[in-house]
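A closer look at the structure
If you want the building blocks of each chain, they are given just below.
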Amino acid sequence: MTAWLFTFLVHSTLWCGTAWLILRLFPRTHARLRETIWCTALAASLITPVAHTVSSSQSAIWQLRVPSFATGAERLHGDSERGRGDGTASVSAAAAPEAHGAAVEARGEAAEAHGEGTGIALPGGRNAIGILWLTVAGGLLAVYLLRLRTIRRRIVHREPVADRRASDALAVLSRRAALDPAPRLTESHQLGSPIAIGVGASREICVPVRAFHELDDGELSALLGHEVAHHLRRDTVRLAFLNVLQAVFFFQPLFRLAAREVQLATEEQCDDWAASQLEDPLSVASCLAEVAGWVVPRDRRAPVPCIGRHRRQLELRVRRLMAEEHTRHAPSRAWRRASSIALLALAPLAAPAIAPAGTASHGDGRAYEHMGQEHGEMSERADARDWLGL
């Protein structure tokens, strides 16, 4: 498990770091493409360590040498190491089988007694790391479930919306999004920002009560359109998956960065969809500007899709809509999907194979084998000359 976790940490840093670098070089990348890049990086971070675990390390294009304790690798063959005194290699191909077996047994006993000197990672240490990982990950998953329960308890007294204009607007938007049945619409005094919860037949949109008093018809339709887009994209499931990834792989900070960037790209795409369904696209910007004043601190860490988390992000989204940056064309879904699949297929080949430092490479092993064969042939010729009396 230690070896897999270390491989995952290296590979996920490589893929997420590459995604971050690409998007830093091209900051005006469309939200759809940004989401695809980050999701591909997350998928590659999970696929390549598994692929390297079940396949030979020789299939990788390059290897990364790390200390033996990091991978839990056992080094039982010290004869393949180069001499440490004068840098010369020692070959023991002519040693008797009994002597070789005794040497290996002696090294094994010494490793068991001292746990060091041969590069062996003690099983107890590996188990401790695995237990620690599972314990912390389990605790963070429990925290995530507690947050879900908390948001449910906050809106436990929500009521169905009786506002006719809201019901009509939701019916129209749901029909355009092909959501059948349409999400249930409720209102609550405990929310500062609208949220989307549930999946399938249990889809629901819960909005603050003040939305029906402080928003005009266009802004209310924009607000509902944004939440309908969340259900259309199944963002309730996507966000849950991102939260689970962050909890399980808590030791990888780049996963938190990736989740934050995916959520921002998601919100921008929902803004775009809502704007495309309204006669006045700027109603979305006006709605976001109004909601920015409603956001309360406990809305910022809501574990469900939420139109407003941070006021700073809302301001950036308003400026984006006002500048009509959302009208830029994004790559087609077929192109993005094909590119992502191709990259994921090649990722195991491009990712480095993690190998313990000090182990002989495949080429070195063949060289040592060839030298051993030559030494054996020389010994046989010497024995033949002695037998003939030459």
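Here, the structure is the one placed above.
These numbers were taken from a predicted model, which means no experiment stands behind them.

Observations regarding the overall build of the protein
For the protein, the helix and strand inventory stands at 14 helices and six strands. Across the 390 residues in the protein, those meeting the buried criterion constitute 40%. Restricting the contact set of the protein to residue pairs at least 6 apart, pairs at least 24 apart contribute 77%. In the structure as shown, the protein presents an accessible area of about 21,600 Å², 59% of it carried by carbon and sulfur atoms.

A look at the side chain of Thr36
Here Thr36 is to be found in helix 2 (residues 31–54). A distance of 3.1 Å separates the side chain of Thr36 from the side chain of Arg336, its partner in a polar contact. Once residues within four sequence positions are removed from consideration, Thr36 is found in contact with Arg336 and Ser340.

Observations concerning a nonpolar patch on the surface
Taken together, the side chains of Trp20, Leu21, Ile22, Leu25 and Phe26 make up a nonpolar region of the molecular surface, amounting to roughly 520 Å² of accessible area. Looking at where Phe26 falls in the secondary structure, it is placed in the loop between helix 1 (2–25) and helix 2.

Observations concerning the sheet that holds strand 4 (residues 195–197)
Read from one edge of the open sheet, four strands run 2-3-5-4, paired in mixed fashion. Each end of this open sheet is capped by a strand with a single partner; those strands are strand 2 (159–160) and strand 4. Here strand 2 pairs with strand 3 (residues 184–188) via two bridges, running antiparallel. Looking at the pairing, Pro160 lines up with Thr186 of strand 3.

Observations regarding unusual backbone geometry
Glycine aside, negative phi is the norm for most residues, and most peptide bonds take the trans geometry. Along the chain, Asp180 connects to Pro181 via a cis peptide bond; the corresponding omega equals 5°. Mapped onto the secondary structure, Pro181 falls in the loop between helix 6 (164–176) and strand 3. Positive phi values are uncommon outside glycine, yet Ala178 reaches one of about 60°. With respect to the element layout, Ala178 can be found in the loop between helix 6 and strand 3.

Here we look at the pairing of strand 3
Taken across its five residues, strand 3 has four buried, putting it largely inside the fold. Pairing geometry for strand 3 and strand 5 (residues 204–208), over five bridges, is parallel. Within the sheet, the bridge partner assigned to Arg184 lies in strand 5 and is Glu204.

Digging into the pattern of salt bridges
In total, this model carries 16 salt bridges according to the counting rule given. Across the pair Arg34 and Glu268 runs a salt bridge, and its minimum N-O distance is 3.1 Å. Within this pair, whereas Arg34 is found in helix 2, its partner Glu268 is found in helix 10 (residues 253–276), the two being separated by 234 residues in sequence. Grouping residues by exposure puts Arg34 and Glu268 together as buried. In this structure, Asp217 engages Arg165 in a salt bridge whose closest nitrogen and oxygen atoms are separated by 2.6 Å.

Some remarks on helix 6
Taking 1.5 Å per residue as the helical rise, helix 6 with its 13 residues ought to reach 18 Å, and the 19 Å between its terminal C-alpha atoms agrees with that figure. Buried within helix 6 we find Ala166, Ala169, Leu170, Leu173 and Ser174. Seen along its axis, helix 6 keeps its buried residues to an arc of 130°; they face one direction. Along helix 6, exposed side chains directed more than 90 degrees from the buried face belong to Arg164 and Arg175. The secondary structure elements touched by the buried residues of helix 6 are strand 3, strand 5, helix 7 (211–214), helix 8 (217–232) and helix 10. N-capping of helix 6 is provided by Asp163, with a side-chain oxygen placed 3.0 Å from the backbone N of Arg165. Just beyond helix 6, the residue with positive phi is Ala178, at close to 60°.

What counts and what doesn't
- Residues numbered from 1 in each chain as written.
- Predicted model: local features only at pLDDT ≥ 70, side-chain atom pairs only at ≥ 80, totals over all residues.
- Heavy atoms only, no water.
- Helix = DSSP H or I, 4+ residues; strand = E, 2+ residues; numbered from the N terminus.
- Buried < 20%, exposed > 50% of the residue type's maximum accessible area, 1.4 Å probe, protein only.
- Contact = heavy atoms within 4.5 Å.
- Areas by Shrake-Rupley, 256 points an atom, 1.4 Å probe, with all protein chains shown as cover.
- Polar contact = N/O pair within 3.5 Å; in protein donor to acceptor, adjacent residues only side chain to side chain.
- Patch = residues over 30% accessible without salt bridge, like charges linked within 9 Å, V, L, I, M, F, W, Y side chains within 5 Å.
- Salt bridge = Lys/Arg side-chain N within 4 Å of Asp/Glu carboxyl O.
- Pairing = 2+ DSSP bridges.
- Expected span 1.5 Å × (residues − 1).
- Arc of directions from axis to C-beta.

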